[in-house]
Amino acid sequence: EQINRYLNNQPQLWADGLMLKGNILAQMGQHEAALKSYQRAARQYDYLDKLQFYQAVSLRALGQSDEAMAQLDKGLKRQGRAYFQLVYLKAMLSYEQKQYQEAALLYQQLIERRRDWALPLLGYYNSLSQMGEGPISISHILDLALKLDPEVVIHFHQQDLLRL
């Protein structure tokens, strides 16, 4: 309600405020309301690939994977500032849909373009594992991720253990 009042007094910030409002709603788990806010912001900022990323996150949370993929593809066509986030989320969705080869290719793209990020290495490792690659043949990927960010690797594996 406070955001709505503020936006009514600041029309030049209307679309930015709606994106922010969508982010707040998404953080609160209110993804349907967040999507409505993002869609209203898109009337002015449809060219922002970050907006497609936010929409895809909420669509994924609502279990609407196909719609999330469509938003990601729309954002990726722009090759904008959120490119890495869009590719990463698309790789995650591909993995969740058991499209391991597609996920591996997307993670590989990220690894080639950003060598300082451990998460794509872990996603690549898991994708290859699901495709039947033996742990010995791909263990060097985990070694690289550990060198980049040991905390991320440890957290990642703790989450895997909690799922067992």
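Calculation criteria
- Along each chain, the written sequence defines residue order, and numbers are assigned to residues from 1.
- Only residues with pLDDT of at least 70 are given local features in this predicted model, and only at 80 or more are side-chain atom pairs given and counted; all residues enter the totals for whole chains, interfaces and linings.
- Working from all heavy atoms in the structure, the side-chain values ignore hydrogens and water.
- Note on terminology: a nonpolar core comprises buried Ala, Val, Leu, Ile, Met, Phe, Trp, Tyr and Cys residues joined through side-chain atoms within 4.5 Å.
- To sort residues, take the accessible area from a 1.4 Å probe on protein chains only and compare it with the maximum for the residue type: under 20% means buried, over 50% means exposed, and anything in between is partly exposed.
- The secondary structure listing takes helices from DSSP runs of H or I that are at least 4 residues long and strands from runs of E that are at least 2 residues long, numbered from the N terminus.
- Contacts are assigned to residue pairs that have any heavy atoms within 4.5 Å of one another.
- By convention, a stacked pair of Phe, Tyr or Trp rings (six-membered ring in the case of Trp) has centres within 6.5 Å and planes under 30 degrees apart, an edge-to-face pair has planes over 60 apart, and any other such pair is tilted.
- Lysine NZ or arginine CZ positioned within 6 Å of the ring centre and within 35 degrees of the ring normal marks a charge as sitting over the ring.

**Q** Now, about the nonpolar core: what can you tell me, with residues and values included?
**A** Within the largest apolar cluster, 46 residues are counted, with the highest numbers of intra-cluster contacts made by L51, L72, Y107, Y124 and I141. Per-element tally for this core: the top contributor is helix α6 (residues 83-96), with 7 residues. The contacts of L72, once residues within four sequence positions are left out, are A56, L86, L89, K90 and L93.

**Q** Describe the packing of aromatic side chains, listing the residues and the values that go with them.
**A** Describing an aromatic ring pair means giving the distance of the ring centres and the angle of the ring planes. According to the stated counting rule, one finds 6 aromatic pairs in the structure shown. Each ring, one from Y88 and one from W117, has its centre 5.2 Å from the other, and the planes form 40°; the classification is tilted. Taken together, the residues span a long stretch of sequence, with Y88 in helix α6 and W117 in the loop between α7 (100-113) and α8 (118-130) at a distance of 29 residues. Like Y88, the residue W117 is buried in the burial classification. Counting every residue linked through ring pairs, the aromatic cluster contains Y38, F53 and Y54. Residue placement shows R114 over the ring face of F84; its charged tip is 5.7 Å from the ring centre.

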